[in-house]
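Chain by chain, the residues run as shown.
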Amino acid sequence: EPEVTQTPSHQVTQMGQEVILRCVPISNHLYFYWYRQILGQKVEFLVSFYNNEISEKSEIFDDQFSVERPDGSNFTLKIRSTKLEDSAMYFCASSEGTGGVGANVLTFGAGSRLTVL
Amino acid sequence: SQELEQSPQSLIVQEGKNLTINCTSSKTLYGLYWYKQKYGEGLIFLMMLQKGGEEKSHEKITAKLDEKKQQSSLHITASQPSHAGIYLCGADVGWTDKLIFGTGTRLQVFP
């Protein structure tokens with residue numbers, strides 16, 4: 001069964017450092033997403049990406065964050081200067097996005113745990 | 001903004017017992033999605049409901065969307081340890097692509 005893969009599974013970084021989280025969405029999916037989950041809290045939407053541009057972003061997704069699809073397969077989330085409060089599990093997801101029934105079913109990756117010290 | 005509230009927050013049941021988890025929305029639901037999350041892992045899609053009164057089943061899990069489309073329930077029959085995890089409801093937010101998620105229900109099943 002097709003799956004979304006994320007790397008790294010766990011990253012530890014110092015405050016102020018740049019971090020790039022990588023994702024390989026399902027190949028025929030058109031919409032890509034990043035969500036995050038701070039320990040013990042809700043899964044929160046960060047950003048959605050379609051047709052090589054951001055289609056929607058949340059208040060959390062400030063200027064410290066950026067997303068990119070550098071090639072035909074990878075989808076990356078960059079945090080420019082990490083803060084302690086960026087420590088969380090980051091999930092990548094993708095969906096078909098064709099508008100049909102079930103098109104908005106998101107397939108999630110296993111997550112990348114970011115720890116900022 | 002739309003909010004999803006789940007109840008109970010936590011549930012501990014004995015293997016073989018039935019249980020129900022509820023998800024209540026502050027606004028009309030256009031699409032309601034149930035996911036399961038094992039600790040430290042990603043979200044696994046279970047079911048999607050769109051129409052008021054719709055009910056879907058998969059193995060021993062049944063989900064229903066009420067007629068007014070503001071509440072959904074997830075029912076597990078004869079629970080097993082493999083059902084343990086965090087159950088999340090997610091909702092389409094109007095015409096946007098994203099899903100928003102509920103607060104989650106942590107289920108533990110003991111032998």
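Residues numbered from 1 in each chain as written. Chains lettered and ligands numbered in written order. Predicted model: local features only at pLDDT ≥ 70, side-chain atom pairs only at ≥ 80, totals over all residues. Heavy atoms only, no water.

Enquirer: I'd love a proper account of the overall build of chain A, names of residues and values included.
Expert: Broken down by element type, chain A carries zero helices and eleven strands. Taken along the three principal axes of its C-alpha coordinates, chain A extends 45 × 25 × 25 Å. For chain A, with 117 residues in total, the buried portion stands at 45%. Sequence-distant contacts, at least 24 apart, represent 54% of the contacts inside chain A between residues at least 6 apart. (Helix = DSSP H or I, 4+ residues; strand = E, 2+ residues; numbered from the N terminus. Buried < 20%, exposed > 50% of the residue type's maximum accessible area, 1.4 Å probe, protein only. Contact = heavy atoms within 4.5 Å.)

Enquirer: Describe unusual backbone geometry, and please don't skip the residues or the numbers.
Expert: That bond from Thr7(A) to Pro8(A) is cis: its omega, -10°, falls within 30 degrees of zero. Its location among the elements puts Pro8(A) in the loop between strand E1 (5-7) and strand E2 (10-13). Going from Ser7(B) to Pro8(B), the amide bond is cis rather than trans, its omega being -10°. One can find Pro8(B) in the loop between strand E1 (4-7) and strand E2 (10-14). A positive phi is found at Ala78(B), a non-glycine position, where the angle reads about 50°. Along the polypeptide, Ala78(B) turns up in the loop between strand E8 (71-76) and strand E9 (85-92). Residue classification places Ala78(B) among the partly exposed positions, given a relative accessible area of 23%.

Enquirer: Can you break down the packing of aromatic side chains residue by residue, with the values?
Expert: Residue and element names in this part refer to chain A. Taken as a whole and assessed by the stated rule, the structure comprises 14 aromatic pairs over all chains. Ring geometry for Tyr-35 and Phe-45: centres 5.6 Å apart, planes at 70°, overall edge-to-face. Of this pair, Tyr-35 sits in strand E4 (residues 31-37) while Phe-45 sits in strand E5 (residues 43-50), and the two are ten residues apart along the sequence. A single burial state applies to Tyr-35 and to Phe-45, both of which are buried. (Phe/Tyr/Trp six-rings, centres within 6.5 Å; stacked < 30°, edge-to-face > 60°.)

These values are about where atoms sit, not about what they do.
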